[in-house]
Amino acid sequence: MAARGPAVKKLVGAFAVTAVVIGTAGGAGAYFLAPIMAPTVTTLSLSAAPLLPAVPSAIDKLQQLGISVEQANAIIQSPASQKLIDNANGGNINVIQEVGGKLVRITTDPAGQRIISAGIVRANQITNGIANGRFVKK
Amino acid sequence: MIPFSSDLEMQKIPELTQEFFEHVLYDEEPLFTSDEATIWDVSMTTAEELIRRISQYYKKPVSVADLAQPLWKLIRQLNEGSDRSESIS
């Protein structure tokens, strides 16, 4: 954990900036294309998977983007992050935040209790998903 | 701190996973995929398109129900009986 300390400090500022960007100008397509929404969250009783504070592979890959585990959590909890309920996927939540010029997706279970996956997405994928009804804003 | 779900099964099939990402999810950039993740947790592509890509590359029929299983199971299923199966531990 100590090794991640400097990275955390270095990037906290970046997150604050990107949060503002997302909240004001970023993610425009997602905001503008959002249809009239009446979110229907389907809460699944997902089978309990082993939980770890962070798995090594996740740490390594996220750090390739300059994201620490702490920052991944910050993205999820940030009110500036775009949160999309995935109707095609049992109500899992895609949390979208711009980091370093890329849109980072962190997917959690419907209750937001664990991180299921993470990756990079393009804006048009989000807007298309909203347009076709797969995603609705939370 | 929100925990990451385990990816032990995914870590057992890195080559097969890489191949799947390269040939099916080539327009995605997954960074972390846990064992409970389905293809819907790593792809924003439509079911029809995913089925088309998978069938074209793996030469096997897949259904929407197949896509709903954890990704590591789907990848193993797609590689069963193929030359790639020797990569499955």
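Basis of the calculations
- Residue indices follow the written sequence of each chain, beginning from 1 at its first position.
- Numbering of ligands from 1 and lettering of chains from A proceed in the order in which they are written.
- Where local features are concerned, this predicted model is filtered to residues with pLDDT of at least 70; where side-chain atom pairs are given and counted, the filter is 80 or more; whole-chain, interface and lining totals use all residues.
- Numbering goes from the N terminus for both helices and strands, where a helix is a DSSP run of H or I of at least four residues and a strand is a run of E of at least two.
- This radius of gyration counts C-alpha atoms alone. The globule rule is 2.2 Å times how many residues there are, raised to the power 0.38.
- Comment: burial labels come from other C-beta atoms within 10 Å of the residue's own C-beta, placed from the backbone, where a count of 20 or more is buried, 12 or fewer is exposed, and between is partly exposed.
- Residues are scored as being in contact if the C-beta atoms we place from backbone atoms lie within 7 Å.
- Any residue outside Ala, Val, Leu, Ile, Met, Phe, Trp, Tyr, Cys, Pro, Asp, Glu, Lys and Arg is labelled polar, Gly included; the first ten of those are nonpolar and the last four are charged.
- Criterion used throughout: strands pair if DSSP finds at least two bridges between them.
- A score from 0 to 100, pLDDT tells how confident the predictor is in each residue.

Okay, the overall build of chain B next. Helix and strand content of chain B: five helices and two strands. Along its sequence from the N terminus, chain B presents helices and strands in the succession β-α-α-β-α-α-α. In terms of overall size, chain B behaves like a compact globule, its C-alpha atoms giving a radius of gyration of 13 Å where 89 residues would be expected to give roughly 12 Å. With the C-alpha coordinates of chain B rotated into their principal frame, the extents come out at 40 × 30 × 20 Å. Here chain B holds 89 residues, and the buried ones make up 35% of them.

Counting residues at the interface gives 33 residues for chain A, matched by 23 residues for chain B. Of all the secondary structure elements, the ones that give two or more residues to the side of chain A that touches chain B are strand S1 (51–52), helix H3 (56–64), helix H4 (69–77), strand S4 (102–108), strand S5 (115–121) and helix H5 (123–131) of chain A. Top element by residues in the side of chain A that touches chain B is S5(A). It accounts for seven residues. Of the residues assigned to the side of chain A that touches chain B, the class counts are 18 nonpolar, twelve polar and three charged. Relative to strand S2 (residues 29–33) of chain B, S5(A) runs antiparallel, the two sharing four bridges.

Across chain A, pLDDT averages 70, with 59% of residues at or above 70. In the predicted structure, residues 1–49 of chain A sits below a pLDDT of 50 and forms 68 contacts with residues beyond four places in sequence or in another chain.

What follows concerns the pairing of strand S3 (residues 92–99) of chain A. Residues and elements named next belong to chain A. Most of S3 sits out of view: eight of its eight residues are buried. Neither face of S3 is exposed, since Asn92, Asn94, Ile96 and Glu98 on one face and Ile93, Val95, Gln97 and Val99 on the opposite face are all buried. Of the pairings in the sheet, the one linking strand S2 (residues 82–86) to S3 comprises five bridges and is antiparallel in character. Among the inter-strand pairings, Ile85 is bridged to a residue of S3, identified as Ile93. Looking at chain direction, S3 and S4 are connected through seven bridges and run antiparallel. Looking at S4, one finds that Val95 is bridged to Ile106. If you look at the hairpin formed by S3 and S4, you'll find two residues sitting between the two strands, and Gly100 has a positive phi there, around 60°.

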